[in-house]
Amino acid sequence: MAPSAVETQTTTAPNIGTLKLDATTGPYKEIATTKFDKDAEAGLKGHKAAKPFEHYEHGKDADPSFPNLLPKGTTITHLTPTIGTEVKGIQLSTLNNAGKDELARLVAERKVVAFRDQDFRDLSINQALEYGGYFGRHHIHPTSGAPQGQPEIHLVHRGAGDNSVDKFFANRTSSVAWHSDVSYEAQPPGTTFLYIFDKPESGGDTLFVNAAEAYNRLSPAFQERLHGLKATHSAHEQANASVLRGGIVRREPVINEHPVIRTHPTTGEKAIYVNPQFTRDIVGLKKEESDVLLKFLYDHLAYGADFQARVKWEEGTVVVWDNRVTQHSALIDWKNAQRRHLARLTPQAERPFETPYKG
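Reading the values: rules and limits
- Residues numbered from 1 in each chain as written.
- Predicted model: local features only at pLDDT ≥ 70, side-chain atom pairs only at ≥ 80, totals over all residues.
- Heavy atoms only, no water.
- Helix = DSSP H or I, 4+ residues; strand = E, 2+ residues; numbered from the N terminus.
- Contact = heavy atoms within 4.5 Å.
- Salt bridge = Lys/Arg side-chain N within 4 Å of Asp/Glu carboxyl O.
- Buried < 20%, exposed > 50% of the residue type's maximum accessible area, 1.4 Å probe, protein only.
- pLDDT = per-residue confidence, 0-100.
- Polar contact = N/O pair within 3.5 Å; in protein donor to acceptor, adjacent residues only side chain to side chain.

## Focus: the environment of Ala62
Within the secondary structure, Ala62 sits in the loop between α1 (38–42) and β1 (75–78). Between the C-alpha atoms of Ala62 and Ala104, which are 42 residues apart in sequence, the distance is 8.0 Å. Ignoring any residue separated from it by four or fewer positions in sequence, one finds Ala62 in contact with Asp101, Glu102 and Arg105.

## Thoughts on the pattern of salt bridges
Under the criterion given, the structure shown has 19 salt bridges. Residues Arg116 and Glu86 are paired through a salt bridge, measuring 2.9 Å at the closest nitrogen-oxygen approach. Highlighted residues: Arg116 in the loop between β3 (112–115) and α3 (125–132) and Glu86 in strand β2 (residues 85–88), separated in sequence by 30 residues. With respect to class, Arg116 is no different from Glu86; both count as buried. The partner of Arg280 in a salt bridge is Glu237, with the nearest N and O atoms 3.0 Å apart. Remark: Glu237 occurs in helix α7 (residues 236–244) and Arg280 occurs in strand β11 (residues 279–282); sequence separation between them is 43 residues. On the accessibility criterion, Glu237 (15% relative accessible area) is buried.

## Details of the environment of Asp181
Of note, Asp181 is situated in the loop between α4 (164–169) and β5 (191–198). The spacing of Asp181 and Thr192 is eleven residues in sequence and 9.3 Å in space, taken between C-alpha atoms. Setting aside anything within four residues of it in sequence, one finds Asp181 in contact with Pro188, Pro189, Thr192, Trp321, Asn323, His328 and Arg344.

## What to know about the confidence of the model for the protein chain
Parts of the prediction with low pLDDT should not have their coordinates interpreted in detail. Counting all residues, the mean pLDDT for the protein chain is 87, and 86% of those residues have values of 70 or more. Here residues 1–25 scores under 50 on pLDDT; set against residues more than four positions off or in separate chains, the count is 57 contacts. Scored below 50 in pLDDT, residues 40–46 makes 23 contacts in the model with residues more than four places away or belonging to other chains.

## Description of the side chain of Gln118
Along the chain, Gln118 falls in the loop between β3 and α3. Side-chain polar atoms of Gln118 contact the backbone oxygen of Arg116, separated by 2.9 Å. Residues within four places of Gln118 in sequence aside, it is in contact with Ile90, Gln91, Leu92, Gly316 and Val318.

Right under this line is the structure:
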């Protein structure tokens, strides 16, 4: 199991004065829940940014025929030709290491896979962390809710009776907020797990887009121009938004540069790696130049319905996706204020890297 990013010594909380508190929080999604338990969160403040580590990509060891993950009798349904698969008939929690290797590879190839009728919600937190730790070091989210004393678990929660969405839609037309999780980290996540506890009767689906297929759709000349470019990814806006809402900030926000086109270590696929939630500018370009190029890439991903998939949540569903080659957005579209509660395991992966353009 990969090492945890938990610090054994608690440091002081970030200096609020350094978080650029003003009316501007950038495009970071404003619809995130706003409440947190100060007593439960107090001991989690002050985690330092984790030190670099060497990530081992298990998908490279997988048997591409998936004999352990998809044995005879498993039901496999592809949601679209290029992204999204639904699997029934296997239990993720019982996979051996060979099966986990195959899981990493399948998700890299299909980008997002929904496993139905799973028992993840019955696992203890320690069991879930042990499982997820096979795929990389656990990420500790700087602003999200977490079970007390377990900051490696990222909670996605909208409580029953929460009507804050009404205030949001008073000024906005859509809840769609495309992003790759915490892309501002030096080593952002790879194989990522999200599993359901409670859901509204209808709504709350999650959209996914295949950022590798989005790259493939570009002309060779445009692909070549994007190679060699880097973009900055910032955590400041997320921290600002959390503080302005009265939320938690566990550590100083970071800014990192990553290639605009990154390569997946298992498949060798190239994918667009910029997103409107965390990417701020392209290094070396003037603001107007950077803004135009980023807007094109954001729109290309957002409007690419022919390389997107929509995952509907059911009881017992575990959705696994690869943050290196996808972006996603939750949808806040239910109006009856029913509870939606999920937990995410977010193993970190390698630092994003680029391989040379090949026309």
